[in-house]
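Below, each chain spelled out in residue letters.
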Amino acid sequence: MDPLAVPDESLAALDRVAAEAQSYLAELTGAPVRSATSDVAAERFGGALPDEGVGTMEAIEELLRDGIEAHVRSGGPRFFHWVIGGSTPAALAADWVTSLLDQNAGGWDATPLGTRLEKVSIDWLRELFGLPEHWSGVLTTGATTANFTALAAARQWWGEQHGADVSEEGLAGLPQAPILSSGFIHVSARKALAMLGLGRGRLIDCSGADGSFDLRRLEQALDGRPAIVIANAGEVNAGHFDPIREVAEIARANNAWVHVDGAFGLFARISPRVAQLADGVELADSVISDGHKWLNVPYDCGFAFVRDPAYLGATFTAAAAYLPEPEDERPIFGFMGPELSRRARSLAVWATLRAYGRDGYRAIVERCLDNAAHLARLVEEANDAELLLPAPLNIVFFRYRPPDASEDELDDLNLRIEQDILRDGRVYLGTTRWNGVLGFRPAFVNWRSTKEDAELVLETVRDLGQRLRLRSRPQDVRA
Ligand SMILES: Cc1ncc(COP(=O)(O)O)c(C=O)c1O
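Residues numbered from 1 in each chain as written. Predicted model: local features only at pLDDT ≥ 70, side-chain atom pairs only at ≥ 80, totals over all residues. Heavy atoms only, no water.

## Let's talk about the pairing of strand E5 (residues 256–261)
In terms of residue burial, E5 counts as a mostly covered element, since 6 of its 6 residues are buried. Residues Ala256, Val258 and Val260 point to one face of E5 and Trp257, His259 and Asp261 to the other, with burial holding for every one of them. Of the pairings in the sheet, the one linking strand E4 (residues 227–232) to E5 comprises 6 bridges and is parallel in character. Directly across from Val229, in E5, lies its bridge partner Val258. With helix H10 (residues 244–253) bridging E4 and the parallel E5, this β-α-β connection has right-handed handedness. In terms of strand pairing, E5 meets strand E6 (residues 286–290) through 3 bridges, oriented parallel. Across the sheet, the residue bridging to His259 is Ser286, located in E6. (Buried < 20%, exposed > 50% of the residue type's maximum accessible area, 1.4 Å probe, protein only. Helix = DSSP H or I, 4+ residues; strand = E, 2+ residues; numbered from the N terminus. Pairing = 2+ DSSP bridges. Right-handed = clockwise from strand over helix to strand, strands pointing away.)

Printed below as a string of structure tokens:
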């Protein structure tokens, strides 16, 4: 069916989606995070590519019917798995505008709107995080690509120290680049090293007993030869921080590029209550964070900031006769990151910052801090749960531990609770293994989550844990 050969149903389809959004948003807080029939609903999609399509309205109807049943309400307030934010009202509406206007945010001529709003967004984010005024940045698809983008700049700088332009000449003939980090490094930074030809297996581990940087080891490993140091603001299992200021001072004194992964931890700088955790980021050469986590804009969005944008341009410029040249006030963001054609993510970033401002974001961050602290306190007070590490930010690493359970059965018990949680629907969270111990790691980044939602985490874990133990008891007796 040629869409031009039939009446244009764009408006009818958008009306249908807007009507669905009414009930969807009204139920977002109370509905199960995941429907019990989500797997079956997802598998209803399929079949052969239709020769003749079903038409706009029927396709959208199918998408809404089976799609809503098959999806996970990860944008809702009781989703605590991984570190996944929701969408503020302004960000959601602006994201719809993004699709309506369908801009290619590669450069000014393709979209003055997208380019200007990206520049303003980067400036505002820089201010929000208290980064130096002269730094530049670019929006990316997320923190993985932001790590890739910033580490590409680091690689360019490192090559330059050896008299080489690695974007032109490649890495052949150069020594192995020393890349140092702690046990807090995120897999996405390792993936970025793999993509950049720097080798994820080449990482030099400078961690101490708790996984964070051992500063003496770092000092010993750096010998004044150019190196790249990756510090971590917000470790993904329990939300802990490397001592960023000290790491940056040692690294800078030893001729190293300092990169900070602050996918969610950079947001600590918004609240005076926890800003100290991310102190020293301003000494780095590059830092990244995510939009689809604590900024609460829709997928996908991240940001990479660099002290000197020339290192981004060296790698990512893709000059061609048919493309324009960048100007100071009219940067070509397509020349500052991996994508040339790009979604105009800036519309949602700009709209949410414009709508809620610095105070709104401080309120969101501090509510998440309060929720995490509240849950951590409840866990500490409970006689059937154990806080496995302090919760300095927004992740609470804990396990269910009834008084009469033996250490040997705890991993299996908590894993089985996790399986039940993912089916149960009241809350959504998962386990991790950190420092050799298995526990849950609910993360608080959603703007909607309340104290009661935080309480429901422990209540649900306890309820499902008790049921599991009751079910297994008769077998114990028989055994
Ligand atoms: C510390 C850290 N860095 C990087 C990432 C990767 O982010 P994304 O999934 O947005 O690419 C994450 C994701 O959880 C993270 O926690």
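## With respect to the sheet that holds E4
Strand order in the open sheet formed by 7 strands is E1-E7-E6-E5-E4-E2-E3, with mixed pairing between adjacent strands. Of all strands in the sheet, those with a lone pairing partner are strand E1 (136–140) and strand E3 (204–205), marking the two edges. Sitting on the sheet, helix H6 (residues 143–161) is in contact with E1, E4, E5, E6 and strand E7 (302–306), with an inclination near 175 degrees to E5. Those strands touched by H10 are E4 and E5, and its axis lies near 160 degrees from that of E5. (Contact = heavy atoms within 4.5 Å. Axes fitted to C-alpha atoms, helices over the stretch in contact; angles between N-to-C directions.)

## Digging into empty space enclosed by the protein
Across all of its chains, the model carries 1 cavity of 30 Å³ or more by this definition. As for the largest cavity, its lining consists of Asp95, Thr98, Val297, Pro298, Tyr299, Asp300, Cys301, Arg343, Ala344, Arg345, Ala348 and Val349. Elements represented by at least two residues in the lining of the largest cavity include exactly helix H4 (89–101) and helix H12 (346–381). Considered class by class, the residues forming the lining of the largest cavity number 7 nonpolar, 1 polar and 4 charged. (1 Å grid on protein atoms, 1.4 Å probe; cavity = no way out; pocket = protein on both sides within 12 Å on 5 of 7 lines; lining within 4 Å. Points joined across faces, edges and corners; volume = space filled by probe spheres on them. Nonpolar A, V, L, I, M, F, W, Y, C, P; charged D, E, K, R; others polar.)

## Focus: the site of the ligand
Contacts to the ligand come from 14 residues, most closely from Thr144, Ser188, Asp261, Asp290 and His292. His186 places a polar side-chain atom, nitrogen or oxygen, 3.5 Å from a nitrogen atom of the ligand. In this structure, an oxygen atom belonging to the ligand sits 2.7 Å away from a side-chain N or O atom of His292. In the complex, 83% of the free accessible area of the ligand, which totals 390 Å², lies under the protein chains. No other element matches the 3 residues that H6 contributes to the shell around the ligand. (Near = heavy atom within 4 Å. Polar contact = N/O pair within 3.5 Å; in protein donor to acceptor, adjacent residues only side chain to side chain. Areas by Shrake-Rupley, 256 points an atom, 1.4 Å probe, with all protein chains shown as cover.)

## Quick word on the pattern of salt bridges
Tallying each qualifying case throughout the model produces 38 salt bridges. Across the pair Asp285 and Arg252 runs a salt bridge whose closest N-O atoms are separated by 3.6 Å. With Asp285 in the loop between E5 and E6 and Arg252 in helix H10, this residue pair connects regions lying 33 residues apart in the sequence. When its relative accessible area of 12% is taken as the criterion, Asp285 is described as buried. The class for Arg252 is partly exposed, based on a relative accessible area of 40%. (Salt bridge = Lys/Arg side-chain N within 4 Å of Asp/Glu carboxyl O.)

## Quick word on the layout of surface pockets
Computed from the structure, the largest pocket encloses a volume of approximately 1,200 Å³. Forming the boundary of the largest pocket are 37 residues, of which Val17, Ala21, Tyr24, Leu92 and Trp96 lie nearest the centre. Looking at the lining of the largest pocket, the elements that each hand over two or more residues are helix H1 (10–27), helix H3 (56–70) and H4. Looking at the lining of the largest pocket, its residues break down into 24 nonpolar, 9 polar and 4 charged. Lining the second largest pocket are 21 residues, with Ser136, Pro309, Asp328, Pro331 and Met336 sitting closest to its centre.

## So, a nonpolar patch on the surface
Taken together, Leu11, Leu14, Val97, Leu100, Leu101 and Leu113 make up a surface patch of nonpolar side chains, about 550 Å² in accessible area. When residues of the nonpolar patch are traced back to their parent elements, those giving at least two are H1 and H4. Per-element tally for the nonpolar patch: the top contributor is H4, with 3 residues. Locating Leu113 in the fold gives a position in helix H5 (residues 112–128). (Patch = residues over 30% accessible without salt bridge, like charges linked within 9 Å, V, L, I, M, F, W, Y side chains within 5 Å.)

## A closer look at the nonpolar core
Counting residues in each nonpolar core, the largest one holds 83 residues, and the members touching the most others are Leu125, Phe129 and Trp294. Here the element with the most residues in this core is H12; it accounts for 13 residues. Excluding its chain neighbours within four sequence positions, the residues that come into contact with Trp294 are Phe264, Phe267, Tyr361, Ile364, Val365, Cys368, Leu369, Leu393, Asn394, Phe444 and Val445. Judged by nonpolar contacts, the second largest core, of 32 residues, contains Phe148, Ala150, Ala177 and Tyr311. (Core = buried A, V, L, I, M, F, W, Y, C linked by side-chain atoms within 4.5 Å.)

## A word on the state of the cysteines
Under the definition given, this model contains 0 disulfides. Cys368 provides the cysteine sulfur closest to Cys301, a residue in no disulfide bond, and the two sulfurs are 17 Å apart. A relative accessible area of 1% means that Cys368 is categorised as buried. (Disulfide = S-S within 2.5 Å.)

## A few points about the environment of Leu456
Residue position: Leu456 is located in helix H14 (residues 451–478). With 185 residues separating them in the primary sequence, Leu456 and Ser271 have C-alpha atoms 26 Å apart. Discounting residues that sit within four places of it in the chain, Leu456 has contacts with Arg78, Arg426 and Val427.

## Details of H12
In this model H12 runs just 44 Å from its N-terminal to its C-terminal C-alpha over 36 residues, more than 12% under the 52 Å that 1.5 Å per residue would give. For H12, the principal kink sits at Gly357 and spans about 90 degrees. (Expected span 1.5 Å × (residues − 1). Bend = angle between axes of the 7 residues up to and from the residue.)

## Concerning unusual backbone geometry
Only a minority of non-glycine residues have a phi that is not negative, and only a minority of peptide bonds are not trans. In this structure, Asp300 follows Tyr299 across a cis peptide bond, with omega equal to -5 degrees. Summarising the element assignment, Asp300 is placed in the loop between E6 and E7. The backbone phi angle of Asp102 is positive, close to 50 degrees, even though this residue is not glycine. With respect to the secondary-structure elements, Asp102 resides in the loop between H4 and H5. Not every positive phi belongs to a glycine, and Asn296 is a case in point at roughly 60 degrees. Mapped onto the secondary structure, Asn296 falls in the loop between E6 and E7.

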